[in-house]
Amino acid sequence: MPPRLVQVRCPAKLNLFLEVLGRRPDGYHELSTVMAPVALFDTLTVREAKTFRLDVHGPPLPGTNTVEKAYRAVARRRRIPGVRATLAKGIPAGSGMGGGSSDAAAMIEALDALFDLGLDRHEIAAEIGSDVNFFLERGPALCTGRGEKVAPIPSGPELHAVIFWPGFSLSTAAVYGRVRDFLTPAPRIVIDFLNSFGREGPEGLGRVLFNRLELAAFALHPELSALRGRLAEMLPAGARMTGSGSALYGLCASGAEARRLARRVRGEFAGFVAPARVMTREVSWRSRKSGSS
Ligand code: C5P
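A. Structural view of helix H7 (residues 213-220). Listed as buried for H7 are Leu213, Glu214, Ala216, Ala217 and Phe218. On the buried face of H7, the contacting elements are strand S1 (5-23), helix H4 (172-178), strand S8 (210-211), helix H8 (222-234) and strand S9 (240-241).

Given below as structure tokens:
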């Protein structure tokens, strides 16, 4: 019997490498990016109901929630009942950590499990957003196309991160809109990063972390550049922006070190600060299913 309630943990992600190869005729940008999930979670709980309803615990989110978009996308393909969904937010929205995409992937998985639909999850995920497919996987991956083509990569070293979000959001579209000023005819190639990923610890990796979107985000918000500089001085392997921002992160070697550094960062910076394990190998973080509601 299919479960009657599904609870799914929705991890955040960090972009460890992100190069923009050019603008495509459809308006999106061609990417080469390495992403890894991190142990900072939203939690989505879904059970059958008469109509669709979503309760979000956390700050209100702008626009139609990606959880609702995922429900509507599935409902266009299959006759499904309503659901009562509860989303507990732990990942700041508009931070470049992929919370909305992770929530959408979780909703697709939850509906598939609840109603035994046999969905083509990747096709639905790509319709909702470029990063949603990544969250259907369970570990670090090289993502290409507009980000929706996901190739798992071999395991990396044990890594932890200190994540800092300054409390303001950046529009992904605005950051991509600005990146054209920073494209280069000789883009960085991901293979050098991938070689280091297999070999180096956090400090070696820190030297090859890269994000082309930083320059665009810093042009829109110069104070973010100054924050990155200050954060880089406090962390052993420097600091980078994730995705289209505005969250910044630095790598370190152990959970204890990440917690210690996070306490120091909290003392110096106003905003959201979290230590989190980087999932550098394939893991199973997903669902808890229950036969009773
Ligand atoms: O795919 P997603 O909805 O997350 O993208 C949000 C916006 O970010 C897009 O409308 C587009 O302006 C920009 N984008 C882009 N190239 C990508 C991904 C996103 O230009 N590869």
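B. Quick look at the packing of aromatic side chains. For the coordinates displayed, the defined rule picks out six aromatic pairs. Measuring from ring centre to ring centre gives 5.9 Å for Phe17 and Phe193, while their planes differ by 35°; the resulting arrangement is tilted. One end of the pair, Phe17, is in strand S1; the other, Phe193, is in helix H5 (residues 190-199), and 176 residues separate them in sequence. Each of the two residues, Phe17 as well as Phe193, counts as buried. Aromatic side chains Phe17 and Phe210 sit 6.0 Å apart centroid to centroid with 45° between the ring planes, which places their arrangement in the tilted category. Residue Phe17 is found in strand S1, and its partner Phe210 is found in strand S8; the two are separated by 193 residues along the sequence. In this pair, the class of Phe17 matches that of Phe210, namely buried. Aromatic ring contacts, followed pair by pair, group Phe17, Phe193, Phe197 and Phe210 into a single cluster. Positioned above the aromatic ring of Phe41 is the side chain of Arg9, whose terminal nitrogen or guanidinium carbon lies 4.0 Å from the ring centre. Across from the ring centre of Phe269, 4.3 Å away, lies the NZ or CZ of Arg230, which sits over that ring.

C. Representation of the pairing of strand S10 (residues 248-252). Counting buried positions along S10 gives five out of five residues, so the element sits mostly inside the fold. The two faces of S10 match: Leu248, Gly250 and Cys252 on one face and Tyr249 and Leu251 on the other face are all buried. The pairing of strand S7 (residues 159-165) with S10 spans five bridges and is antiparallel. Across the sheet, the residue bridging to His160 is Cys252, located in S10. As paired elements, S9 and S10 share two bridges and run antiparallel to each other. Within S10, the residue paired with Met241 across the bridge is Leu248. Counted along the chain from S9 to the antiparallel partner S10, the turn is six residues long, and its residue Gly243 has a positive phi close to 55°.

Cut-offs applied
Residues numbered from 1 in each chain as written. Predicted model: local features only at pLDDT ≥ 70, side-chain atom pairs only at ≥ 80, totals over all residues. Heavy atoms only, no water. Buried < 20%, exposed > 50% of the residue type's maximum accessible area, 1.4 Å probe, protein only. Helix = DSSP H or I, 4+ residues; strand = E, 2+ residues; numbered from the N terminus. Contact = heavy atoms within 4.5 Å. Phe/Tyr/Trp six-rings, centres within 6.5 Å; stacked < 30°, edge-to-face > 60°. Lys NZ or Arg CZ within 6 Å of the ring centre and 35° of its normal. Pairing = 2+ DSSP bridges.

In short, geometric facts, not functional conclusions.
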